[in-house]
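Structure at a glance
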Amino acid sequence: MANLDLGVVIPTYLEGKNITNLISSVRQFCPGVKIVVVDDSPDNETVDAVREMGLSDVHAIHRNKKGGRGSAVIEGVAWALNQGCQWIIEMDADFSHPPSQLPALLNEAKTKGYDLLIASRYLATSKIENWPLARKIFSKCSNILARVLLQVPIHDYTNGYRVYSKPAAEIVVTNCGKLGKGFIALSEILVNVYYRGLSVGEIPTVFTNRVRGQSSVNAAEITNAFFGLFKILKMKLDLVSSERKKCQTGNR
């Protein structure tokens, strides 16, 4: 079945060795999908590999500098909306997010009416493979802290394997990316969507740490994301106050 209303956003950084295999796999599981690769690599290897595939439904954007995963996703979501996509999925380029789960993610979002659906690493039947223990502990603690502070009923605030409805994607483009350009945008997006009244959910996934390529995550980005939670907390409180006023005046 063709997925003519689906767009997939893939932020990349030095993924020339992975990207063509990933695109082929995504197209296998989601025929008819529109794909945009938003690349921050210092060279042209990744975008050249994409363009050499010669596929009319696959587009590459090369930004020439490392602008951060969050801003790359937002730019890709904007592109997908301009292409008329009604559903948009973001995923990593290193196969840590299994392309085989794409149909199940999309079906779950559509049938359950979720505006934002996350493939969660922290549900009972989820699995994390090949991650160092220290990374597991840091990620788990960060997500617990985010849940305590932000109070969105989700266990995984920081996995970038997600489905967005068109209304959620419009919120992403219009309201997100203001608190940071890196991984902090994942939590910023979640809070914006949930506290603006849209529905969020999560399903189990198997997350496999990359075995090829170079990670774009660095210590500074992780630190900024950690402290950025408190900026998002302020944003959340402002959103709650604003939505409460709308309800009181009947303007929602």
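Everything that follows concerns the structure shown earlier in this document.
Notes on the structure follow. For clarity, every value in this text was computed on a predicted model and none was experimentally measured.

Some points on the overall build of the protein
In terms of regular secondary structure, the protein is built from eight helices and nine strands. Taken over C-alpha atoms, the radius of gyration comes to 17 Å for the protein, in line with the 18 Å a tight globule of 252 residues would show. Once the C-alpha set of the protein is aligned to its principal axes, its extents read approximately 55 × 40 × 35 Å. When burial is assessed residue by residue, the protein has 52% of its 252 residues classed as buried. Long-range pairs, those at least 24 residues apart, make up 78% of the contacts in the protein between residues at least 6 apart in sequence. As displayed, the protein offers around 11,400 Å² of accessible surface, 54% of which is attributable to carbon and sulfur atoms. Of note, the protein has its 30 positive side-chain charges centred 7 Å away from the centre of its 23 negative side-chain charges.

Details of the sheet that holds strand E8 (residues 200-204)
Strand order in the open sheet made by the seven strands is E3-E2-E1-E4-E7-E5-E8, with mixed pairing throughout. The sheet is open, and its two edges are formed by strand E3 (58-62) and E8, each paired on a single side. Across the sheet, the mean angle separating the axes of adjacent strands is 20 degrees when strand polarity is ignored. Pairing of strand E1 (residues 6-12) with strand E2 (residues 34-39), which is carried by six bridges, proceeds in the parallel orientation. Paired with Val9 across the bridge in E2 is Val36. Where helix H1 (residues 19-29) meets the sheet, its contacts fall on E1, E2 and E3, and the angle it forms with E2 comes to roughly 155 degrees. Against the sheet, helix H6 (residues 166-175) engages strand E4 (87-90) and strand E7 (162-165), with an angle of about 100 degrees to E7.

Digging into H1
Those residues of H1 that fall on the buried side of the exposure criterion are Ile19, Leu22, Ile23, Ser25 and Val26. Seen end-on, H1 carries its buried residues on one side only, within an arc spanning 165 degrees. Each element contacted by the buried residues of H1 is listed here: E1, E2, helix H2 (45-52), E3 and helix H4 (102-112).

Here we look at the environment of Lys17
Note on placement: Lys17 falls in the loop between E1 and H1. The exposure class assigned to Lys17 is exposed, which follows from its relative accessible area of 61%. Along the sequence, Lys17 and Ala93 sit 76 residues apart, while their C-alpha atoms lie 9.9 Å from each other.

Considerations on the pairing of E1
Regular strands show a simple pattern: their side chains alternate between the two faces of the sheet. Burial analysis of E1 places seven of its seven residues in the buried class, which makes it a mostly covered element. Residue alternation in E1 divides its side chains into two sets, Leu6, Val8, Ile10 and Thr12 and Gly7, Val9 and Pro11, and both sets are buried. In this structure, E1 lies alongside E4, joined through four bridges in parallel fashion. Residue Leu6 lies in a different strand from E4, and its bridge partner there is Trp87. You can see the chain leave E1, run along H1 and come back into E2, and the turn it takes is right-handed.

With respect to H2
Within H2, burial applies to Thr46, Val47, Ala49 and Val50. The buried residues of H2 occupy one face: seen down the axis, they fall within an arc of 160 degrees. Next to the buried residues of H2 lie E1, H1, E2 and E3.

Brief notes about the side chain of Asp40
Mapped onto the elements, Asp40 comes out in the loop between E2 and H2. Classification of Asp40 by relative accessible area gives buried; the value is 5%. Apart from the residues lying within four places of it in its own chain, the contact partners of Asp40 are Thr12, Tyr13, Arg63, Lys65, Lys66, Gly67 and Gly68.

Definitions and cut-offs
- Residues numbered from 1 in each chain as written.
- Predicted model: local features only at pLDDT ≥ 70, side-chain atom pairs only at ≥ 80, totals over all residues.
- Heavy atoms only, no water.
- Helix = DSSP H or I, 4+ residues; strand = E, 2+ residues; numbered from the N terminus.
- Rg over C-alpha atoms; globule rule 2.2 N^0.38 Å.
- Buried < 20%, exposed > 50% of the residue type's maximum accessible area, 1.4 Å probe, protein only.
- Contact = heavy atoms within 4.5 Å.
- Areas by Shrake-Rupley, 256 points an atom, 1.4 Å probe, with all protein chains shown as cover.
- Lys, Arg positive; Asp, Glu negative; His and termini not counted.
- Charge placed at Lys NZ, Arg CZ, Asp CG, Glu CD.
- Pairing = 2+ DSSP bridges.
- Axes fitted to C-alpha atoms, helices over the stretch in contact; angles between N-to-C directions.
- Arc of directions from axis to C-beta.
- Right-handed = clockwise from strand over helix to strand, strands pointing away.

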